[in-house]
Amino acid sequence: MALTTSTTNQALLDAQLELWNNTFGYIKSMALKSALDLRIADAIHSHGGGATLPQIVAAVKLHPSKIPCLRRLMRVLASTGVLSVQNHTSSCGGGEGEPVYALTPVSRLLVGSQQNLAPITAMILHPAFVSPFLELGTWFQKELPESCVFKHTHGQTLWEQADRDAAFDALVNDGMVSDSHFIMDIAINECAGAFQGITSLVDVGGGLGAAAQAIAKAFPGVKCSVLDLDHVVANAAPGDTGVQYIAGDMFESIPPADAMFFKWVLHDWSDEECIRILKNCRKAIPPREEGGKVIIIDIVVEQGSSNSKHIETQALFDLYIMLVNGIERDEQEWKNIFFEAGFSDYKISPVLGARSIIEVYP
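Below, the structure is looked at part by part. Since this is a predicted model, take the numbers as computed values, not measurements.

A word on the overall build of the chain. A count of helices and strands for the chain gives 16 helices and twelve strands. For the chain, the spread of C-alpha atoms along the principal axes amounts to about 75 × 60 × 40 Å. Here the chain holds 362 residues, and the buried ones make up 43% of them. Nonlocal contacts in the chain, meaning residues at least 24 apart in sequence, comprise 62% of its contacts between residues at least 6 apart. Accessible surface, the chain: about 18700 Å² in total, of which carbon and sulfur atoms supply 54%. In the chain, the 26 positive side-chain charges and the 41 negative ones have mean positions that sit 5 Å from each other.

Take a look at the structure:
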């Protein structure tokens, strides 16, 4: 009986621990945001990838009275894998010296000029993006077609706020640029065939053009253009990238090219809106035998790895994208959209972690 009671108690304590871990999940996010705000990863990076707390304190903006609090923040960052920590023996002999905090593969993505995901991480953790989820329970009680979670909280859609607020628009565009710099080299290396055999490409909703620039650099024979709204194109800096910028609306028309490219765009829109966009693509590309295709980088739910972290991340993205009334789709849902828009075939390459490359053929 005692054994049964002990086993039951342990099960209850395990369940409580799991409940606490989920409940305090936002503390992990806010610890990460604090690390970005304080530029802790940059401070450690400046010391060669490992630094003591006094070295970090000397490099960040911190009131001296908060040093004990910083130790507690560092403990969270180390326990969640953002950083690692080792206790080094004092150089004076005997006893332990200051712990040395080191970058991990996670925090290395927050520093440097290449593959730096600090801007998109800062975007996702910005109060404008976090606060709508405090209203999620209330939003669920509203009858459809209720406005998206973002508008429910802020009184305007994300796109409307970006159009009216230059600082917010820069936050979003910088985030998307950082993601493009990270993912496009991987996409081109892992699935170069998706871009071969075409001579022209339009990056639809391509923002400041980081993805199109990466494609143009990797495939000099492909004429790349970016289609986006007026205020986005106005902020683009074409320079000598060889990429053309076109102001327009993908819901109205899309300029002709061999291939249309969408990176993290279609998940923002409903099935009906995606079909409308893809029908415009269908009109703008040549037949399949002449190289016509649509290339999409987006999540295909339950596609690829069966890793639990992979599956959890896709589920989190699916809930997250309700910010804009978007949806992450499984293969059947994508297939329905493609065929309804007049396409005849597709190929999914699950080579981008939680995301895939989808080639869609007329």
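Relative to the elements of secondary structure, Q161 occurs in helix 10 (residues 158-164). Here Q161 is in contact with A128, F150, H154, Q156 and F168, once residues within four sequence places are set aside.

Next up on the list: the layout of surface pockets. As a volume, the largest pocket reaches approximately 2400 Å³. Surrounding the largest pocket, 43 residues form its lining, S29, L32, I124, T313 and L316 being those nearest its centre. For the lining of the largest pocket, the secondary-structure elements that each account for two or more residues are helix 1 (2-23), helix 2 (25-38), helix 6 (118-124), helix 7 (127-130), helix 11 (166-190) and helix 15 (308-320). Its residues assigned to classes, the lining of the largest pocket comprises 27 nonpolar, ten polar and six charged. Each pocket or cavity is described by its volume, and for the second largest pocket that value is around 900 Å³. Around the second largest pocket sit 44 residues that line it, and W159, V172, G205, D228 and D268 are the ones nearest its centre. Listed by contribution, the elements that provide at least two residues to the lining of the second largest pocket are helix 6, helix 10, helix 11, strand 4 (200-204), helix 12 (210-218), strand 5 (223-228), helix 13 (230-234) and helix 15. No other element matches helix 11, which puts six residues into the lining of the second largest pocket. Considered class by class, the residues forming the lining of the second largest pocket number 27 nonpolar, nine polar and eight charged.

Conventions we followed
- Residues numbered from 1 in each chain as written.
- Predicted model: local features only at pLDDT ≥ 70, side-chain atom pairs only at ≥ 80, totals over all residues.
- Heavy atoms only, no water.
- Helix = DSSP H or I, 4+ residues; strand = E, 2+ residues; numbered from the N terminus.
- Buried < 20%, exposed > 50% of the residue type's maximum accessible area, 1.4 Å probe, protein only.
- Contact = heavy atoms within 4.5 Å.
- Areas by Shrake-Rupley, 256 points an atom, 1.4 Å probe, with all protein chains shown as cover.
- Lys, Arg positive; Asp, Glu negative; His and termini not counted.
- Charge placed at Lys NZ, Arg CZ, Asp CG, Glu CD.
- 1 Å grid on protein atoms, 1.4 Å probe; cavity = no way out; pocket = protein on both sides within 12 Å on 5 of 7 lines; lining within 4 Å.
- Points joined across faces, edges and corners; volume = space filled by probe spheres on them.
- Nonpolar A, V, L, I, M, F, W, Y, C, P; charged D, E, K, R; others polar.

Interpretation note: all reported values are geometric properties and have no functional meaning in isolation.
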